[in-house]
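So you can see what is in the structure, the chains are spelled out below.
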Number of protein chains: 2
Amino acid sequence: MGMRSKEIRLKSRPIGTPAAKDFELAEITLPDPGAGEALVKNLWMSVDPYMRGRMYDRASYVPPFQIGEALQGGAVGEVVASNDPALKPGDLVQSMFGWREGFVAPAASLQKLPSGNAPPQAYLGVLGMPGMTAYSGFLRLGEPKPGEVVFVSGAAGAVGSVVCQIAKIKGCEVVASVGADDKAAWLKGRGVDHVVNYKTCGDLLTAVRAAAPKGIDIYFDNVGGEHLEVALELARPFGRFVECGMISQYNNTEPTPGPRNIIYVVGKSLRIQGFIVTNFMDMQQQFFADMSQWIAEGRIAWEETVEHGIENAPTAFLKLFSGGNTGKMLVKLG
Amino acid sequence: MGMRSKEIRLKSRPIGTPAAKDFELAEITLPDPGAGEALVKNLWMSVDPYMRGRMYDRASYVPPFQIGEALQGGAVGEVVASNDPALKPGDLVQSMFGWREGFVAPAASLQKLPSGNAPPQAYLGVLGMPGMTAYSGFLRLGEPKPGEVVFVSGAAGAVGSVVCQIAKIKGCEVVASVGADDKAAWLKGRGVDHVVNYKTCGDLLTAVRAAAPKGIDIYFDNVGGEHLEVALELARPFGRFVECGMISQYNNTEPTPGPRNIIYVVGKSLRIQGFIVTNFMDMQQQFFADMSQWIAEGRIAWEETVEHGIENAPTAFLKLFSGGNTGKMLVKLG
């Protein structure tokens, strides 16, 4: 008799902001691992803003989630049984089989985690996809130079908080936007020069201009909308816009007007470039080397916000859109 | 007694679309050229869309025009008298002293035109700033590869018509947008694959999609507004947007909404990059070499729309915003 595993399935495609009713909990019995397969018990799973896009029924860079099927996403777990020589019970592995307590999969689809000092869930955060997103996007597209002014929106999130710290390591002046005072305090403690709470600052343009009176050279965008418009207004000539995400728009049910000042892209010779992390896989080895060193030196730190149990995974996901997380949003399983 | 010269001055800063009342004709007596100076009689002057920006009283990449002073812009003329050994009467020179019949200026501020087969006014068009804008922006930022699909707006203008032809030389498939059927016919005669008349095509997105069912790889933007939104909709992953101008917005009196689908920049990994021609002066020698060869081979042709006499220079300028020009808009003087 195989292991029982609870999982979260997509019950309906969200219209606007996702709600609990769009998800359902189910339980299945896992098969025994066949040849070349392993049985894994998940310890942690990740929820990330990009998953919202996969809930729409449309072509994109990743295929849409299917109604009635378990969702997918990053997870780290422990091998319980293995029918492949590459893995043995007790090994820690990373996979895309999140949103479930356990699974059976080909060993070749699992990435064995290096033994080191980092806790396993760091491979879903600073040492994982969000960290790599921050590192590759900021360095490859932002092209930071010492003394430049960097504006980061969504700055307390899993990606933004790493961008802020890498920008400081690279000698930049950092202006961060967040939606809560405790997030601001954490970033100030990490050396960020100016933090604006966009929910309480009044006019956002006025507040960011006060923090960056010389203008900004790099804008790392996690938010879109008004933040993007403010960045266009304050951009200096040859500014670089790293378009990582636009979470303010993910739940829109109608198209919303774009930045009214997009024309600045011409006169200021701006570059606005979008990316997804897989564009820059050539940087992965350098990412691991740099990030491991920076963590060891105490130059990169991180926060985690944790929900417990598979049944609370939808709650964790929904918190991404209400600002309910500081740093990496995680679900602890098992 | 010096030469008399009529000139066009900015009388008032236009609000919305410029009108004849914003300009005034004046006549002055030119001084005799001092040491190191030359007296030049202009033969041709250029009007260009970017000049609209200089009529606003705001900081930009070129300083604003001043009320009551002669406007400036590209011109080619003939040296009448010279007090500098570098120039002699009869030499043809290019300058930024347009909008006037003649002028006295330091010889060092004048560029002697090469003797060749090209008519002098070509140095205000295909062999001048608009040609260089098309060449440098398309090649440096567009990075065209054979077989790629290029969408060009404002495609019958001085810049757009050169972009279309270079794109064909580089082996691309070209979809052009224009506002008149005679412009469409001219471009078809130059080998452009598909031409959309945006004024008569009905829904622009539908029309461009029909012309480019595979999507577009490069968008060369002279227009902004709805054209930019259509390009975002049809862009393929890793598409490049060369932001040369947004003439549809130059006369707006209120900020207008930007593209409602700007979020595609993230998921499609698009690059939207603005520029001004002076960013790429390192390409100028190669530009002259390539363009001269392409003209000699008949691979680049051009149209001119000509107004006559300095008093009609404002009329020529205003026609840029009503689609009254095919190819380079020029004013013939003297």
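One can find the structure itself at the top, above this paragraph.
Residues numbered from 1 in each chain as written. Chains lettered and ligands numbered in written order. Predicted model: local features only at pLDDT ≥ 70, side-chain atom pairs only at ≥ 80, totals over all residues. Heavy atoms only, no water.

Undergrad: Which residues make up the interface of chain A and chain B, and what values do they have?
TA: Between chain A and chain B, the contact holds 29 residues from the first and 29 residues from the second. In total, about 2,300 Å² of surface goes out of reach between chain A and chain B, with carbon and sulfur atoms giving 67% of it. Of all residues in chain A, Arg 260, Ile 262 and Val 266 of chain A bury the most surface against chain B, accounting for 22% of the area lost on that side. If you look at where chain A meets chain B, you find 8 residue pairs in polar contact (both at pLDDT 80 or more). At the level of secondary structure, the elements contributing two or more residues to the side of chain A that touches chain B comprise β12 (235-243), α7 (264-267) and β13 (271-274) of chain A. (Contact = heavy atoms within 4.5 Å. Buried area = accessible area lost by both parts, 1.4 Å probe. Polar contact = N/O pair within 3.5 Å; in protein donor to acceptor, adjacent residues only side chain to side chain. Helix = DSSP H or I, 4+ residues; strand = E, 2+ residues; numbered from the N terminus.)

Undergrad: Help me get a handle on empty space enclosed by the protein, residues and values and all.
TA: All names here are of chain A. Evaluation of the coordinates by the stated rule reveals 2 cavities of 30 Å³ or more. The volume enclosed by the largest cavity comes to roughly 90 Å³. Taken together, 14 residues form the lining of the largest cavity, with Gly 125, Val 126, Trp 302, Glu 303 and Lys 328 sitting closest to its centre. Secondary-structure elements contributing two or more residues to the lining of the largest cavity are α3 (160-169) and β15 (328-332). Looking at which domains feed residues into the lining of the largest cavity, each of domain 1 (4-125 + 303-332) and domain 2 (129-279) supplies at least three. (1 Å grid on protein atoms, 1.4 Å probe; cavity = no way out; pocket = protein on both sides within 12 Å on 5 of 7 lines; lining within 4 Å. Points joined across faces, edges and corners; volume = space filled by probe spheres on them. Domains from an automatic or database assignment.)

Undergrad: Please set out the relation of the copies chain A and chain B residue by residue, giving values where relevant.
TA: Mapping chain A onto chain B leaves a residual RMSD of 0.0 Å; the transformation is a rotation of 180° accompanied by 0.0 Å of translation along its axis. Taken together, the rotation and translation relating the two chain copies correspond to the operation of a two-fold axis. Relative to the rotation axis, the C-alpha of Gly 258 of chain A is the closest in chain A, positioned 1.9 Å from it. The residues that chain A uses at the interface reappear at the interface of chain B in 100% of cases, marking a shared surface. (Least-squares fit on C-alpha atoms with pLDDT ≥ 70 in both.)

Undergrad: Tell me what's going on with the state of the cysteines, and back it up with residues and numbers.
TA: Residues and elements named next belong to chain A. Scanning the entire structure with this criterion turns up 0 disulfides over all chains. Of the cysteine sulfurs around Cys 164, a residue in no disulfide, the closest is that of Cys 172, at 11 Å. Cysteine Cys 244 remains unbridged, with the sulfur of Cys 164 as its closest cysteine sulfur at 12 Å. (Disulfide = S-S within 2.5 Å.)

Undergrad: Go over the packing of helix α5 (residues 204-211) of chain A against helix α6 (residues 226-234) of chain A, please, and point to the residues and values.
TA: To characterise two packed helices, one gives the angle between the axes of the helices and the distance between these axes. All names here are of chain A. Two elements in contact, α5 and α6, have axes separated by 10 Å at closest approach and are oriented at 45°. By the angle between their directions, the pair α5 and α6 is classed as oblique. Seen from above, α5 lies across α6 with right-handed handedness. For the pair α5 and α6, contact is made by Leu 204, Leu 205, Val 208 and Arg 209 and by Glu 226, His 227, Val 230, Glu 233 and Leu 234, respectively. Across the contact of α5 with α6, the residue classes break down as 5 nonpolar, 1 polar and 3 charged. (Axes fitted to C-alpha atoms, helices over the stretch in contact; angles between N-to-C directions. Parallel < 35°, antiparallel > 145°, perpendicular 65-115°, else oblique. Left-handed = near helix turned anticlockwise from the far one by under 90°. Nonpolar A, V, L, I, M, F, W, Y, C, P; charged D, E, K, R; others polar.)

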